[in-house]
Amino acid sequence: NLRLTAAPTAIPEVSIQCVPNSLPDSAGQQSICKITANQPVTYALDVGLNLPANSRYTSTCQPVMQIPAGQSSVQCRVDAVANVIPNDGNVPAVLQLQADSQTPARYSLGSESSSTVMITDDDPVPVLNVQCTPNTLNDAPNQQAFCTISAAEPVVSAVSVSFDLPSNPRYTSNCISPFAWS
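Residues numbered from 1 in each chain as written. Predicted model: local features only at pLDDT ≥ 70, side-chain atom pairs only at ≥ 80, totals over all residues. Heavy atoms only, no water.

A separate point is the pattern of salt bridges. Under the counting rule described, the total for this entry stands at 5 salt bridges. Two residues, arginine 170 and aspartate 139, come together in a salt bridge whose shortest N-O distance is 2.3 Å. One end of the pair, arginine 170, is in the loop between strand E13 (159-161) and strand E14 (179-181); the other, aspartate 139, is in the loop between strand E11 (128-133) and strand E12 (146-151), with 31 residues separating them in the sequence. Comparing arginine 170 with aspartate 139 shows no difference in burial state: the two are exposed. Among the charged side chains, a network of salt bridges with common partners joins Asp25, Arg56 and Asp88. (Salt bridge = Lys/Arg side-chain N within 4 Å of Asp/Glu carboxyl O. Helix = DSSP H or I, 4+ residues; strand = E, 2+ residues; numbered from the N terminus. Buried < 20%, exposed > 50% of the residue type's maximum accessible area, 1.4 Å probe, protein only.)

Another aspect to go through is the nonpolar core. Ranked by internal contacts, the top residues of the largest apolar core, which has 26 residues, are Val14, Ile35, Val47, Leu49, Ile67, Leu95 and Val117. Taken together, the elements giving at least two residues each to this core come down to strand E1 (13-19), strand E3 (30-37), strand E4 (45-50), strand E6 (64-67), strand E7 (73-80), strand E8 (91-98) and strand E10 (114-120). Residues contacting leucine 49, with those up to four places away along its chain left out, are Ile16, Ile35, Cys61, Gln62, Pro63, Met65, Leu95, Gln96, Leu97 and Gln98. (Core = buried A, V, L, I, M, F, W, Y, C linked by side-chain atoms within 4.5 Å. Contact = heavy atoms within 4.5 Å.)

What follows deals with unusual backbone geometry. With omega at -5°, the peptide bond leading from threonine 103 into proline 104 counts as cis. Looking at the secondary structure, you find proline 104 in the loop between E8 and strand E9 (108-109). Cis rather than trans, the peptide bond between serine 177 and proline 178 has omega equal to -5°. Summarising the element assignment, proline 178 is placed in the loop between E13 and E14. A positive phi angle is found at asparagine 142, which is not glycine, with a value near 60°. Residue placement: asparagine 142 occurs in the loop between E11 and E12. Assessed through its relative accessible area of 78%, asparagine 142 is described here as exposed.

This is the structure:
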């Protein structure tokens, strides 16, 4: 009596990688994220993906990404949102594959089960200069200096400017700190 049984098929192992892994917050910046199975899938494979929302990026990645039957990967995109706000910091877009909730599992997670795209602040902090004319006053009536604040480069977004003007009974000032420059 000969008895044949099918050997169990190994389930695919999935991983994710986003390239490039860093984007400046400028127009047209994209990272391609590829979810890859270590073997072509014999059926359409739904893979769970978590990507928290943030106003600094958009994404075509969905909570469930489907690798088509006969294929071994699917792609989505993370796009940086352009802004001109200096000092708004860097923000990570962390894409995390989710373990299969089905029993038995249809896939397992590979060693690269998450990928991070760092959205970086590329907006320079404006360099400001203060110039007062004249820069010396005498202890006499009607002495005035006019001060001008200028930027080395055009200021492309609103900036709050603060400065210290120590109090002194020998002078008065109509300068206001902080003030908004836009």
